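The residues making up each chain are set out below.
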Amino acid sequence: MNTTLLSSSENAILSPTENQMLVELLETVKVNTAYFMGYPVSKDFNYEALMPFLQYPMNNLGDPFVPSTYAVGSREMEKEVVQFFAELFRAPADDWWGYVTNGGSEGNLYGLYLARELHPKGMVYYSEATHYSVQKNLHLLNMPNIVISTQANGEIDYEDLENTIRMNRHMPVIIMANIGTTMTEARDDIGKIKLILKKLAIKHYYIHADGALSGSYSALIEPRPAFDFADGADSIAISGHKFIGSPMPCGVVIAKKSNRDRIARSVAYIGSMDTTISGSRNGHSPLFLWYTIKKLGIEGLKARAQHCLETAAYAELKLNEMGIEAWRNNNAITVNFPEPELRIRQKWQLAAEGGWSHIICMPNVTQSQIDELLADLSDV
Ligand SMILES: *Cc1c(COP(=O)(O)O)cnc(C)c1O
(Lines give C-alpha, C1' and ligand atoms only; values in the text may rest on other atoms or scores of the structure.)
Protein backbone atom coordinates (compact mmCIF):
# COMPACT_ATOMS: atom_id res chain seq x y z
CA MET A 1 0.00 0.00 0.00
CA ASN A 2 2.89 2.37 0.84
CA THR A 3 4.46 1.83 -2.55
CA THR A 4 1.14 2.42 -4.28
CA LEU A 5 0.92 5.79 -2.64
CA LEU A 6 4.47 6.70 -3.58
CA SER A 7 4.48 5.53 -7.15
CA SER A 8 1.03 6.57 -8.32
CA SER A 9 1.26 9.25 -10.98
CA GLU A 10 -1.30 11.40 -9.16
CA ASN A 11 1.02 11.61 -6.20
CA ALA A 12 4.01 12.55 -8.34
CA ILE A 13 2.74 16.12 -8.15
CA LEU A 14 3.02 16.10 -4.36
CA SER A 15 6.33 17.12 -2.82
CA PRO A 16 8.35 14.37 -1.12
CA THR A 17 7.39 15.85 2.26
CA GLU A 18 3.72 15.78 1.41
CA ASN A 19 4.01 12.24 0.14
CA GLN A 20 5.76 11.28 3.33
CA MET A 21 2.85 12.73 5.33
CA LEU A 22 0.46 10.41 3.53
CA VAL A 23 2.68 7.40 4.09
CA GLU A 24 3.02 8.21 7.78
CA LEU A 25 -0.68 8.82 8.21
CA LEU A 26 -1.47 5.47 6.65
CA GLU A 27 0.94 3.77 9.04
CA THR A 28 -0.55 5.55 12.07
CA VAL A 29 -4.08 4.66 11.00
CA LYS A 30 -3.05 1.01 10.61
CA VAL A 31 -1.44 0.81 14.05
CA ASN A 32 -4.23 2.67 15.81
CA THR A 33 -6.85 0.49 14.11
CA ALA A 34 -5.16 -2.67 15.36
CA TYR A 35 -5.43 -1.56 19.02
CA PHE A 36 -8.94 -0.37 19.15
CA MET A 37 -11.41 -1.84 21.59
CA GLY A 38 -12.99 1.10 23.36
CA TYR A 39 -15.26 2.45 20.64
CA PRO A 40 -18.04 0.61 18.82
CA VAL A 41 -16.60 0.56 15.33
CA SER A 42 -16.28 -2.52 13.11
CA LYS A 43 -13.09 -2.79 11.11
CA ASP A 44 -13.41 -6.26 9.61
CA PHE A 45 -14.77 -5.15 6.25
CA ASN A 46 -13.39 -5.60 2.77
CA TYR A 47 -14.96 -3.29 0.24
CA GLU A 48 -12.41 -3.69 -2.54
CA ALA A 49 -15.19 -4.61 -4.96
CA LEU A 50 -16.65 -1.13 -4.46
CA MET A 51 -13.44 0.84 -5.03
CA PRO A 52 -14.28 1.75 -8.67
CA PHE A 53 -17.18 3.85 -7.32
CA LEU A 54 -14.70 6.19 -5.65
CA GLN A 55 -13.99 7.57 -9.10
CA TYR A 56 -17.46 9.09 -9.29
CA PRO A 57 -19.26 11.99 -7.54
CA MET A 58 -21.99 9.81 -6.05
CA ASN A 59 -24.67 11.94 -4.41
CA ASN A 60 -28.14 10.78 -3.32
CA LEU A 61 -29.52 14.30 -3.27
CA GLY A 62 -33.01 14.54 -1.80
CA ASP A 63 -35.47 11.81 -0.91
CA PRO A 64 -34.26 8.28 -1.78
CA PHE A 65 -37.77 7.27 -2.87
CA VAL A 66 -38.28 10.23 -5.21
CA PRO A 67 -35.96 10.26 -8.23
CA SER A 68 -33.79 13.34 -8.60
CA THR A 69 -32.58 15.11 -11.73
CA TYR A 70 -29.08 14.48 -10.35
CA ALA A 71 -28.60 10.89 -11.49
CA VAL A 72 -25.10 9.91 -10.29
CA GLY A 73 -25.96 8.04 -7.12
CA SER A 74 -27.01 4.79 -5.45
CA ARG A 75 -30.72 5.35 -4.77
CA GLU A 76 -31.77 1.82 -5.72
CA MET A 77 -29.36 0.33 -3.20
CA GLU A 78 -30.26 2.93 -0.59
CA LYS A 79 -33.93 1.96 -0.93
CA GLU A 80 -33.03 -1.70 -0.41
CA VAL A 81 -31.02 -0.83 2.71
CA VAL A 82 -33.96 1.15 4.10
CA GLN A 83 -36.37 -1.68 3.29
CA PHE A 84 -34.09 -4.22 4.94
CA PHE A 85 -34.04 -2.32 8.22
CA ALA A 86 -37.73 -1.38 8.06
CA GLU A 87 -38.57 -5.10 7.87
CA LEU A 88 -35.98 -6.06 10.50
CA PHE A 89 -37.51 -3.45 12.82
CA ARG A 90 -41.07 -4.65 12.07
CA ALA A 91 -42.27 -1.32 10.68
CA PRO A 92 -45.92 -1.38 9.52
CA ALA A 93 -45.86 -2.97 6.03
CA ASP A 94 -47.48 -0.06 4.21
CA ASP A 95 -46.21 2.79 6.36
CA TRP A 96 -42.43 3.00 6.46
CA TRP A 97 -39.83 5.33 5.04
CA GLY A 98 -36.22 6.21 5.74
CA TYR A 99 -32.83 7.15 4.37
CA VAL A 100 -29.12 6.56 4.84
CA THR A 101 -27.77 9.30 7.11
CA ASN A 102 -24.32 10.55 8.05
CA GLY A 103 -24.57 8.64 11.32
CA GLY A 104 -26.67 7.85 14.35
CA SER A 105 -26.72 11.47 15.51
CA GLU A 106 -28.41 12.65 12.31
CA GLY A 107 -30.98 9.85 12.62
CA ASN A 108 -31.74 10.95 16.17
CA LEU A 109 -32.05 14.55 15.05
CA TYR A 110 -34.48 13.41 12.36
CA GLY A 111 -36.60 11.47 14.86
CA LEU A 112 -36.82 14.48 17.15
CA TYR A 113 -37.60 16.77 14.21
CA LEU A 114 -40.53 14.55 13.16
CA ALA A 115 -41.71 14.38 16.78
CA ARG A 116 -41.65 18.18 17.06
CA GLU A 117 -43.56 18.67 13.83
CA LEU A 118 -46.22 16.22 15.05
CA HIS A 119 -46.29 17.56 18.62
CA PRO A 120 -45.06 21.17 18.65
CA LYS A 121 -46.10 21.51 22.30
CA GLY A 122 -44.51 18.24 23.40
CA MET A 123 -42.06 17.65 26.24
CA VAL A 124 -39.04 15.45 25.56
CA TYR A 125 -37.92 12.89 28.16
CA TYR A 126 -34.61 11.08 28.00
CA SER A 127 -32.34 9.45 30.53
CA GLU A 128 -29.10 10.87 31.88
CA ALA A 129 -27.21 8.08 30.07
CA THR A 130 -28.34 9.41 26.68
CA HIS A 131 -25.68 10.18 24.04
CA TYR A 132 -24.19 13.66 24.36
CA SER A 133 -25.39 14.68 20.87
CA VAL A 134 -29.06 14.51 21.87
CA GLN A 135 -28.88 17.57 24.12
CA LYS A 136 -27.36 19.59 21.29
CA ASN A 137 -30.10 18.38 18.94
CA LEU A 138 -32.78 19.40 21.43
CA HIS A 139 -31.13 22.79 21.65
CA LEU A 140 -31.06 23.10 17.84
CA LEU A 141 -34.74 22.19 17.68
CA ASN A 142 -35.56 24.36 20.68
CA MET A 143 -37.58 21.58 22.32
CA PRO A 144 -38.36 21.67 26.06
CA ASN A 145 -36.93 18.59 27.73
CA ILE A 146 -36.44 16.83 31.05
CA VAL A 147 -33.62 14.46 32.01
CA ILE A 148 -34.74 11.27 33.78
CA SER A 149 -32.45 9.42 36.18
CA THR A 150 -31.05 6.00 35.38
CA GLN A 151 -30.78 2.75 37.28
CA ALA A 152 -27.31 1.49 38.21
CA ASN A 153 -27.02 -0.45 34.92
CA GLY A 154 -27.68 2.64 32.81
CA GLU A 155 -31.31 1.81 31.96
CA ILE A 156 -33.90 4.56 32.41
CA ASP A 157 -35.54 4.69 35.86
CA TYR A 158 -39.17 3.89 34.98
CA GLU A 159 -40.49 5.18 38.29
CA ASP A 160 -38.83 8.55 37.81
CA LEU A 161 -40.13 8.60 34.23
CA GLU A 162 -43.69 7.89 35.37
CA ASN A 163 -43.62 10.51 38.14
CA THR A 164 -42.13 13.14 35.86
CA ILE A 165 -44.62 12.55 33.06
CA ARG A 166 -47.44 12.67 35.62
CA MET A 167 -46.40 16.18 36.62
CA ASN A 168 -46.58 17.28 32.96
CA ARG A 169 -49.63 15.31 31.92
CA HIS A 170 -51.11 18.20 29.97
CA MET A 171 -48.25 18.05 27.45
CA PRO A 172 -47.72 15.51 24.64
CA VAL A 173 -44.93 13.09 25.52
CA ILE A 174 -41.85 12.64 23.35
CA ILE A 175 -39.51 9.85 24.46
CA MET A 176 -35.93 9.39 23.33
CA ALA A 177 -35.32 5.76 24.30
CA ASN A 178 -31.82 4.30 24.42
CA ILE A 179 -31.32 0.97 22.72
CA GLY A 180 -27.82 0.50 24.01
CA THR A 181 -26.42 3.46 25.97
CA THR A 182 -22.98 4.76 25.10
CA MET A 183 -21.26 3.76 28.31
CA THR A 184 -22.94 0.53 29.50
CA GLU A 185 -25.09 -0.51 26.51
CA ALA A 186 -28.26 -0.50 28.59
CA ARG A 187 -31.55 -0.82 26.70
CA ASP A 188 -34.63 1.12 27.76
CA ASP A 189 -37.66 -1.18 27.43
CA ILE A 190 -40.19 0.40 25.07
CA GLY A 191 -42.83 -2.09 26.23
CA LYS A 192 -42.51 -0.78 29.80
CA ILE A 193 -42.55 2.82 28.59
CA LYS A 194 -45.78 2.17 26.66
CA LEU A 195 -47.38 0.74 29.81
CA ILE A 196 -46.55 3.94 31.68
CA LEU A 197 -48.13 6.05 28.93
CA LYS A 198 -51.24 3.87 29.05
CA LYS A 199 -51.44 4.02 32.84
CA LEU A 200 -51.28 7.82 32.74
CA ALA A 201 -53.79 7.90 29.84
CA ILE A 202 -51.42 9.94 27.66
CA LYS A 203 -53.11 10.27 24.26
CA HIS A 204 -50.46 12.15 22.32
CA TYR A 205 -46.97 10.73 22.29
CA TYR A 206 -44.01 9.88 20.10
CA ILE A 207 -41.25 7.37 20.84
CA HIS A 208 -37.90 7.55 19.08
CA ALA A 209 -35.39 4.74 19.60
CA ASP A 210 -31.70 5.64 19.57
CA GLY A 211 -30.36 2.31 18.34
CA ALA A 212 -27.05 3.78 17.15
CA LEU A 213 -25.06 1.15 19.00
CA SER A 214 -27.24 -1.95 19.40
CA GLY A 215 -30.25 -1.30 17.19
CA SER A 216 -28.72 -3.17 14.25
CA TYR A 217 -28.32 -6.44 16.11
CA SER A 218 -31.02 -6.23 18.80
CA ALA A 219 -33.45 -7.75 16.30
CA LEU A 220 -31.11 -10.70 15.77
CA ILE A 221 -30.80 -11.93 19.36
CA GLU A 222 -32.95 -13.97 21.74
CA PRO A 223 -34.83 -12.88 23.76
CA ARG A 224 -35.58 -9.98 21.46
CA PRO A 225 -35.41 -6.69 23.39
CA ALA A 226 -38.53 -4.47 23.22
CA PHE A 227 -37.26 -1.69 20.98
CA ASP A 228 -38.86 -1.67 17.53
CA PHE A 229 -42.01 -0.52 15.72
CA ALA A 230 -44.04 -3.54 16.85
CA ASP A 231 -43.06 -2.69 20.44
CA GLY A 232 -44.18 0.93 20.00
CA ALA A 233 -41.33 2.93 18.44
CA ASP A 234 -42.31 5.60 15.89
CA SER A 235 -38.80 5.96 14.50
CA ILE A 236 -35.45 4.23 14.93
CA ALA A 237 -31.92 5.47 14.20
CA ILE A 238 -28.85 3.28 13.84
CA SER A 239 -25.21 3.89 12.99
CA GLY A 240 -23.91 2.04 9.93
CA HIS A 241 -20.20 2.16 10.78
CA LYS A 242 -20.73 0.43 14.13
CA PHE A 243 -22.12 -3.12 13.84
CA ILE A 244 -22.24 -3.31 10.01
CA GLY A 245 -18.96 -1.53 9.35
CA SER A 246 -18.08 1.18 6.84
CA PRO A 247 -14.92 3.14 5.96
CA MET A 248 -16.86 6.36 6.51
CA PRO A 249 -19.40 7.18 9.21
CA CYS A 250 -22.99 6.55 8.14
CA GLY A 251 -26.33 5.45 9.56
CA VAL A 252 -29.94 4.68 8.76
CA VAL A 253 -33.13 6.26 10.06
CA ILE A 254 -36.48 4.50 9.70
CA ALA A 255 -39.72 6.40 10.33
CA LYS A 256 -43.39 6.03 9.50
CA LYS A 257 -44.11 7.27 6.00
CA SER A 258 -47.32 8.96 7.11
CA ASN A 259 -45.30 11.07 9.56
CA ARG A 260 -42.61 11.92 7.02
CA ASP A 261 -45.33 13.06 4.58
CA ARG A 262 -46.20 15.86 6.97
CA ILE A 263 -42.81 17.50 6.53
CA ALA A 264 -42.20 16.69 2.85
CA ARG A 265 -41.68 19.65 0.58
CA SER A 266 -41.09 19.38 -3.15
CA VAL A 267 -38.07 21.25 -4.54
CA ALA A 268 -37.91 21.99 -8.27
CA TYR A 269 -34.11 22.54 -8.32
CA ILE A 270 -33.29 18.94 -7.35
CA GLY A 271 -36.43 17.38 -8.86
CA SER A 272 -36.94 15.47 -5.60
CA MET A 273 -38.46 15.98 -2.17
CA ASP A 274 -36.56 17.83 0.53
CA THR A 275 -37.29 15.28 3.24
CA THR A 276 -33.76 14.69 4.54
CA ILE A 277 -31.68 16.80 6.94
CA SER A 278 -28.79 17.46 4.57
CA GLY A 279 -29.12 18.38 0.91
CA SER A 280 -26.24 16.58 -0.76
CA ARG A 281 -25.98 13.12 0.71
CA ASN A 282 -23.23 10.51 0.61
CA GLY A 283 -23.88 8.24 -2.36
CA HIS A 284 -21.12 5.82 -1.41
CA SER A 285 -22.18 4.83 2.10
CA PRO A 286 -25.45 3.13 1.00
CA LEU A 287 -23.28 0.89 -1.19
CA PHE A 288 -21.20 -0.24 1.78
CA LEU A 289 -24.26 -1.08 3.85
CA TRP A 290 -25.99 -2.77 0.93
CA TYR A 291 -22.89 -4.85 0.17
CA THR A 292 -22.60 -6.22 3.71
CA ILE A 293 -26.31 -6.89 4.07
CA LYS A 294 -26.32 -8.82 0.77
CA LYS A 295 -23.09 -10.64 1.54
CA LEU A 296 -24.04 -11.78 5.04
CA GLY A 297 -27.83 -11.98 4.89
CA ILE A 298 -29.88 -12.32 8.08
CA GLU A 299 -28.16 -15.58 9.05
CA GLY A 300 -24.68 -14.10 8.59
CA LEU A 301 -25.62 -11.04 10.62
CA LYS A 302 -27.04 -13.28 13.35
CA ALA A 303 -23.79 -15.22 13.50
CA ARG A 304 -21.94 -11.89 13.64
CA ALA A 305 -24.01 -10.81 16.64
CA GLN A 306 -23.53 -14.19 18.31
CA HIS A 307 -19.77 -13.92 17.90
CA CYS A 308 -19.80 -10.50 19.60
CA LEU A 309 -21.84 -11.84 22.53
CA GLU A 310 -19.52 -14.83 22.95
CA THR A 311 -16.42 -12.63 22.94
CA ALA A 312 -18.04 -10.32 25.51
CA ALA A 313 -18.94 -13.27 27.75
CA TYR A 314 -15.35 -14.49 27.47
CA ALA A 315 -13.91 -11.07 28.36
CA GLU A 316 -16.26 -10.68 31.33
CA LEU A 317 -15.38 -14.13 32.65
CA LYS A 318 -11.61 -13.69 32.26
CA LEU A 319 -11.62 -10.23 33.86
CA ASN A 320 -13.59 -11.63 36.80
CA GLU A 321 -11.11 -14.50 37.11
CA MET A 322 -8.36 -11.89 37.39
CA GLY A 323 -10.23 -10.30 40.28
CA ILE A 324 -11.42 -7.32 38.20
CA GLU A 325 -15.05 -6.37 38.86
CA ALA A 326 -16.25 -6.58 35.26
CA TRP A 327 -19.94 -6.70 34.40
CA ARG A 328 -22.25 -6.29 31.43
CA ASN A 329 -25.92 -5.84 30.70
CA ASN A 330 -28.03 -8.76 29.46
CA ASN A 331 -27.23 -9.60 25.86
CA ALA A 332 -24.72 -6.74 25.62
CA ILE A 333 -21.35 -6.71 23.90
CA THR A 334 -20.01 -3.92 26.13
CA VAL A 335 -17.97 -5.13 29.12
CA ASN A 336 -17.62 -2.56 31.93
CA PHE A 337 -14.78 -2.53 34.43
CA PRO A 338 -13.04 -0.04 36.73
CA GLU A 339 -10.97 2.47 34.77
CA PRO A 340 -7.46 1.07 34.17
CA GLU A 341 -4.31 3.19 34.18
CA LEU A 342 -3.77 5.76 31.44
CA ARG A 343 -1.09 3.73 29.60
CA ILE A 344 -3.61 0.97 28.94
CA ARG A 345 -6.44 3.31 28.12
CA GLN A 346 -4.28 5.05 25.55
CA LYS A 347 -3.03 1.87 23.90
CA TRP A 348 -6.50 0.35 23.56
CA GLN A 349 -8.33 3.68 23.16
CA LEU A 350 -10.65 3.03 26.08
CA ALA A 351 -13.14 5.74 27.02
CA ALA A 352 -13.69 6.41 30.73
CA GLU A 353 -16.43 8.14 32.70
CA GLY A 354 -17.05 8.28 36.43
CA GLY A 355 -14.26 5.82 37.21
CA TRP A 356 -15.53 3.19 34.76
CA SER A 357 -14.16 2.09 31.42
CA HIS A 358 -15.37 -0.47 28.90
CA ILE A 359 -14.39 -2.58 25.96
CA ILE A 360 -16.87 -3.10 23.18
CA CYS A 361 -16.63 -6.53 21.60
CA MET A 362 -17.33 -5.54 18.02
CA PRO A 363 -17.38 -8.27 15.32
CA ASN A 364 -13.65 -7.90 14.64
CA VAL A 365 -12.60 -8.37 18.28
CA THR A 366 -11.16 -11.83 18.89
CA GLN A 367 -10.41 -13.84 22.02
CA SER A 368 -6.69 -13.48 21.38
CA GLN A 369 -7.02 -9.68 21.42
CA ILE A 370 -8.90 -9.98 24.71
CA ASP A 371 -6.02 -12.12 25.99
CA GLU A 372 -3.54 -9.44 24.94
CA LEU A 373 -5.49 -6.79 26.83
CA LEU A 374 -5.71 -9.08 29.87
CA ALA A 375 -1.92 -9.54 29.73
CA ASP A 376 -1.50 -5.73 29.70
CA LEU A 377 -3.87 -5.41 32.64
CA SER A 378 -2.07 -8.04 34.74
CA ASP A 379 1.27 -6.50 33.84
CA VAL A 380 0.94 -3.50 36.19
C1 LIG B 1 -22.64 6.27 18.52
C2 LIG B 1 -23.87 6.67 19.19
C3 LIG B 1 -24.59 7.81 18.77
C4 LIG B 1 -24.09 8.72 17.69
O5 LIG B 1 -24.00 8.07 16.49
P6 LIG B 1 -22.99 8.58 15.37
O7 LIG B 1 -23.12 7.53 14.33
O8 LIG B 1 -21.64 8.66 16.01
O9 LIG B 1 -23.47 9.90 14.91
C10 LIG B 1 -25.78 8.10 19.39
N11 LIG B 1 -26.25 7.33 20.40
C12 LIG B 1 -25.59 6.24 20.82
C13 LIG B 1 -26.16 5.42 21.93
C14 LIG B 1 -24.37 5.88 20.25
O15 LIG B 1 -23.72 4.79 20.68
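Residues numbered from 1 in each chain as written. Predicted model: local features only at pLDDT ≥ 70, side-chain atom pairs only at ≥ 80, totals over all residues. Heavy atoms only, no water.

**Student:** How do you make sense of the sheet that holds strand β4 (residues 173-178) when you look at a structure like this?
**Tutor:** In a beta sheet, neighbouring strands pair by backbone hydrogen bonds and run either parallel or antiparallel. Pairing is mixed across the open sheet formed by seven strands, whose spatial order is β1-β7-β6-β5-β4-β2-β3. Only two strands of the sheet have a single neighbouring strand rather than two, namely β1 (97-101) and β3 (145-148). For this sheet, the mean inter-axis angle between neighbouring strands, taken without regard to orientation, is 15°. Alignment of β1 against strand β7 (residues 251-255), held across five bridges, turns out to be antiparallel. Counted as the bridge partner of Thr101 is Gly251 from β7. (Pairing = 2+ DSSP bridges. Helix = DSSP H or I, 4+ residues; strand = E, 2+ residues; numbered from the N terminus. Axes fitted to C-alpha atoms, helices over the stretch in contact; angles between N-to-C directions.)

**Student:** Could you clarify how one ought to interpret the pattern of salt bridges in this entry?
**Tutor:** Where side chains of opposite charge bring their charged atoms close, a pairing between them can arise. Inspection of every chain in the model, using the stated rule, returns 21 salt bridges. Note that Lys79 and Glu76 form a salt bridge whose closest N and O atoms lie 3.3 Å from each other. Pair noted here: Lys79 and Glu76 are both in helix α3 (residues 75-88), with a separation of three residues, about one helical turn. Taking the relative accessible area as the measure of exposure, Lys79 reaches 24% and is therefore partly exposed. Where Lys256 meets Asp234, a salt bridge forms, and the shortest distance between an N and an O atom there is 3.0 Å. Residue Lys256 is found in the loop between β7 and α9 (257-260), and its partner Asp234 is found in the loop between α8 (215-218) and β6 (235-239); the two are separated by 22 residues along the sequence. (Salt bridge = Lys/Arg side-chain N within 4 Å of Asp/Glu carboxyl O. Buried < 20%, exposed > 50% of the residue type's maximum accessible area, 1.4 Å probe, protein only.)

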